Amino acid sequence: MIKTLLAFDYGTKNIGVASGQTITHSANSLAPLKAKDGIPDWTQIEKLLAEWKPDLVLVGLPLNMDESESELSARARKFANRIHGRFGVKVEMVDERLTSFEAKGEVMSRGGSRDYKHNPVDSIAARLILEGWLERNLSR
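Since this is a predicted model, take the numbers as computed values, not measurements. (Residues numbered from 1 in each chain as written. Predicted model: local features only at pLDDT ≥ 70, side-chain atom pairs only at ≥ 80, totals over all residues. Heavy atoms only, no water.)

**So, the overall build of the protein chain**
1) Next: A count of helices and strands for the protein chain gives four helices and six strands.
2) Next: Expressed as a percentage of the 140 residues in the protein chain, the buried residues total 41%.
3) Next: Residue pairs at least 24 apart in sequence account for 61% of intrachain contacts in the protein chain once pairs closer than 6 positions are excluded.
4) Next: Summing over all exposed atoms, the protein chain offers an accessible surface of approximately 8,000 Å²; the carbon and sulfur share of this is 51%. (Helix = DSSP H or I, 4+ residues; strand = E, 2+ residues; numbered from the N terminus. Buried < 20%, exposed > 50% of the residue type's maximum accessible area, 1.4 Å probe, protein only. Contact = heavy atoms within 4.5 Å. Areas by Shrake-Rupley, 256 points an atom, 1.4 Å probe, with all protein chains shown as cover.)

Structure (structure tokens):
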């Protein structure tokens, strides 16, 4: 049974991270990871996996609004495959359409800055990916 989850919102400069669990149906944003052209510091990923010991890792799949895949979709799949291959954890791709838009709206509703370069919303998006998964999979 899945109890602990980690979610990643893959990006080429920042990778959002969130943790969650099925017992309380809760999710929390964690500090985002820096990436260089989409390549993370794999030791940081390893540390997160060791700390949280997730039963399942979620990786956001950035689809176009017509459900077609983009170049970023392929890169997110590659990232997910590498997490699975390197660390042997179960990984599931999750449709992440509109999560970044929703995350920006959440920041603005709290009076936050529109300077997303210096105030990235990636981990908020990761939390929204995880919350959506919890809602779809635990409300049955």
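That was the structure; now back to the text.
**Topic: helix α2 (residues 71-87)**
1) Next: Helix length check: α2 (17 residues) gives 25 Å between terminal C-alpha atoms against 24 Å at 1.5 Å per residue, within 8%.
2) Next: When α2 is considered as a whole, its buried residues turn out to be Ser73, Ala76, Phe79, Ala80 and Ile83. Projected down its long axis, α2 shows its buried positions confined to an angular sector of 120°, all on one face. The exposed residues of α2 that point more than 90 degrees off its buried face are Glu71, Asn81 and Gly85.
3) Next: Next to the buried residues of α2 lie β1 (4-9), β2 (14-21), β4 (39-40), α1 (42-52), β5 (56-61) and β6 (91-95).
4) Next: Measuring from the side-chain oxygen of the N-cap residue of α2 to the backbone nitrogen of leucine 72 gives 3.3 Å; that N-cap residue is serine 70.
5) Next: In the stretch just after α2, glycine 88 is the one whose phi turns positive, near 70°. (Expected span 1.5 Å × (residues − 1). Arc of directions from axis to C-beta. Polar contact = N/O pair within 3.5 Å; in protein donor to acceptor, adjacent residues only side chain to side chain.)

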